[in-house]
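An overview of the molecular structure
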Amino acid sequence: NYIYEGITIDNVDVSLLTKEQAEEKLKKIYIDELSNKTIILNHNLDSWTLSYKDIDVKYDIKKAIDEAWNIAREGKPKERYNNISLDLTFSDDKLLTFIEKLDKEVSQEPIDSILTRKNGTFIITNEQVGYVLDTSNTLLQIKTLIESGETGNVTLSVQETLPSITNSQPAFSP
């Protein structure tokens, strides 16, 4: 039981191989390719590295081999010559855990300006702008890179949230 002639998976000839031989051949070519790939996420001067290994990115070799096997068993002989693409899979749970951790590091509540009096002197503590990570957009950008099999940089989509009270408001004017 062999894969028929003319079948390739990601342009690798798997003709006349058993399913097991085809799997072994593809693993030799593709298994190490993903282990060193990373995505760098940037926000202002901070950056985080997401390794493909950390979220279990893998080629779905078995699915491609099953597809090659089935194509070769159906249709007319000239329809059997086909190149099958390898799909990438990853752990949604591990990616979501990474995004949740990233959200905790990036997102910050805004801090209102505070007017206090100490020893007869007014002291103004400046406000701080807050940040909210757009997790949906970040996930979309990461998934797009992974599905392309590429590495690269993602600039985080972060929205500023303004404090309710700023030191430029009339209440703080002398």
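Keep in mind that what you see is a predicted model, and the values were worked out from it rather than measured. (Residues numbered from 1 in each chain as written. Predicted model: local features only at pLDDT ≥ 70, side-chain atom pairs only at ≥ 80, totals over all residues. Heavy atoms only, no water.)

Observations concerning the sheet that holds strand β2 (residues 12-13)
Paired through backbone hydrogen bonds, the strands of a sheet run either parallel or antiparallel to each other. Strand order in this open sheet of three strands is β2-β1-β6, and the pairing throughout is mixed. This sheet does not close on itself; its edge strands, each paired only once, are β2 and β6 (82-84). As defined by bridge partners, strand β1 (residues 7-9) adjoins β2 across two bridges and the pair is classed as antiparallel. In the strand pairing of β2, I9 is matched with V12. (Pairing = 2+ DSSP bridges. Helix = DSSP H or I, 4+ residues; strand = E, 2+ residues; numbered from the N terminus.)

Remarks on the pairing of strand β9 (residues 121-125)
Pairing of strand β8 (residues 114-118) with β9, which is carried by five bridges, proceeds in the antiparallel orientation. When the sheet's bridge partners are listed, L115 is paired in β9 with I124. Linking β8 to β9, which pair antiparallel, is a turn of two residues; within it N119 sits at a positive phi near 55°.

Looking at the nonpolar core
In terms of nonpolar packing, the biggest core is built from 41 residues, with I9, I39, L41 and L102 touching the most fellow members. Per-element accounting of this core gives the leading share, six residues, to helix α2 (residues 61-71). In this view, I39 contacts W48, T49, L50, Y52, I142, L145, I146, G152 and V154; residues no more than four positions away in its chain are not counted. (Core = buried A, V, L, I, M, F, W, Y, C linked by side-chain atoms within 4.5 Å. Buried < 20%, exposed > 50% of the residue type's maximum accessible area, 1.4 Å probe, protein only. Contact = heavy atoms within 4.5 Å.)

Quick notes on the pairing of strand β4 (residues 46-51)
Walk down a regular strand and you will see the side chains alternate between the two sheet faces. Pairing geometry for strand β3 (residues 38-43) and β4, over six bridges, is antiparallel. What sits directly across from I40, in β4, is T49.

Some details on a nonpolar patch on the surface
Side chains of L115, F122 and I124 sit close together on the surface and give an oily, nonpolar patch of about 280 Å² of accessible area. Along the polypeptide, L115 turns up in strand β8. (Patch = residues over 30% accessible without salt bridge, like charges linked within 9 Å, V, L, I, M, F, W, Y side chains within 5 Å. Areas by Shrake-Rupley, 256 points an atom, 1.4 Å probe, with all protein chains shown as cover. Salt bridge = Lys/Arg side-chain N within 4 Å of Asp/Glu carboxyl O.)

Brief notes about the environment of N167
Locating N167 in the fold gives a position in the segment after β12 (158-161). Separated by 41 residues in sequence, N167 and N126 have C-alpha atoms that sit 6.0 Å apart. Within polar-contact distance, the side chain of N167 engages the side chain of N126 at 2.3 Å. (Polar contact = N/O pair within 3.5 Å; in protein donor to acceptor, adjacent residues only side chain to side chain.)

Brief notes about the packing of aromatic side chains
Applying the stated criterion across every chain yields a total of one aromatic pair. The positively charged end of R117 is found above the aromatic ring belonging to F122, 5.3 Å away from the centroid. (Phe/Tyr/Trp six-rings, centres within 6.5 Å; stacked < 30°, edge-to-face > 60°. Lys NZ or Arg CZ within 6 Å of the ring centre and 35° of its normal.)

Let's talk about the pattern of salt bridges
Working definition: two side chains of opposite charge can pair if their charged atoms are close together. Evaluation of the coordinates by the stated rule reveals eight salt bridges. Between K94 and D56 there is a salt bridge; the shortest N-O distance is 2.9 Å. Here D56 lies in the loop between β4 and β5 (58-59) and K94 lies in helix α3 (residues 92-106), a separation of 38 residues in the sequence. A single network of salt bridges, built from pairs that share partners, joins E23, K27 and K62.

A closer look at the environment of K143
Relative to the assigned elements, K143 resides in helix α4 (residues 135-148). Taking the C-alpha atoms as reference points, K143 and L156, separated by 13 residues in sequence, lie 13 Å from one another. Ignoring anything within four residues of it in the chain, the contact list for K143 reads F90, D92 and L95.

Quick look at unusual backbone geometry
Most peptide bonds are trans, and most residues other than glycine sit at a negative phi. A positive phi angle, close to 55°, is found at D56, a residue other than glycine. Even without glycine at this site, N119 takes up a positive phi of about 55°.

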